[in-house]
Amino acid sequence: QVRLAESGGGLVQAGGSLRLSCVASTSSWNAMGWYRQAPGKEREFVAQINWSGPKTYYDDSVKGRFSISRDDAKNTVSLQMNSLKPEDTAIYYCALASAPGTGYDNWGQGTQVTVSS
């Protein structure tokens, strides 16, 4: 079973920045991504990076503000979040798709991000 460990959440003022990191227990994966869930809302996609390419994808709400990257030497995928807004407040989850066609089949426990106005 793949383990994912997120870190980097916290409290920040609007306009500030945070960097989330996700360390995976495996170096073999097809895609890794970040999702978030705000209170009373469904979990939603934030960003993804594919193993091949690598190609990146972002939800429109974070394009130009968030950047996903990976460090293969550390089995880590990071999410740099700039120009944070109160509506970015949520629990952020790291996810890993182990193979093509599996979808995200491994999830982290989540890290809280709170943006104050």
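Everything discussed here concerns the structure shown above.
Because the structure is predicted, anything quoted here is derived from the model rather than measured.

Student: What is the right way to look at the state of the cysteines in this model?
Tutor: Disulfides are covalent bonds that connect the sulfur atoms of two cysteines. Applying the stated criterion to the full structure yields one disulfide. Paired by a disulfide, Cys22 and Cys94 hold their sulfur atoms 2.0 Å apart. Note on the Cys22 and Cys94 pair: the S-S dihedral is about -80 degrees, so by sign convention the disulfide is left-handed. Pair noted here: Cys22 is in strand 3 (residues 18–24) and Cys94 is in strand 9 (residues 90–97), with a separation of 72 residues, a long-range link. Here the two residues Cys22 and Cys94 agree in accessibility, since each one is buried.

Student: Honestly, the side chain of Thr111 in this entry has me stumped. Any pointers?
Tutor: Its location among the elements puts Thr111 in strand 11 (residues 111–116). At a separation of 3.3 Å, a polar atom in the side chain of Thr111 contacts the main-chain amide nitrogen of Gly9. Excluding anything up to four places from it in sequence, Thr111 contacts Glu6, Gly8, Gly9, Leu20, Ala90, Ile91 and Tyr92.

Student: Which parts of the structure should I look at to understand the sheet that holds strand 3?
Tutor: The four strands are arranged 1-3-8-7 in an open sheet whose pairing can be described as antiparallel. In this open sheet, the two edge strands, each paired with only one partner strand, are strand 1 (4–7) and strand 7 (66–71). Taking the axes of each pair of neighbouring strands and ignoring which way they run, one obtains an average angle of 15 degrees across the sheet. The sheet contact formed by strand 1 and strand 3 spans four bridges and is antiparallel. Counted as the bridge partner of Leu4 is Ala24 from strand 3.

Procedures and definitions
Residues numbered from 1 in each chain as written. Predicted model: local features only at pLDDT ≥ 70, side-chain atom pairs only at ≥ 80, totals over all residues. Heavy atoms only, no water. Disulfide = S-S within 2.5 Å. Helix = DSSP H or I, 4+ residues; strand = E, 2+ residues; numbered from the N terminus. Buried < 20%, exposed > 50% of the residue type's maximum accessible area, 1.4 Å probe, protein only. Polar contact = N/O pair within 3.5 Å; in protein donor to acceptor, adjacent residues only side chain to side chain. Contact = heavy atoms within 4.5 Å. Pairing = 2+ DSSP bridges. Axes fitted to C-alpha atoms, helices over the stretch in contact; angles between N-to-C directions.

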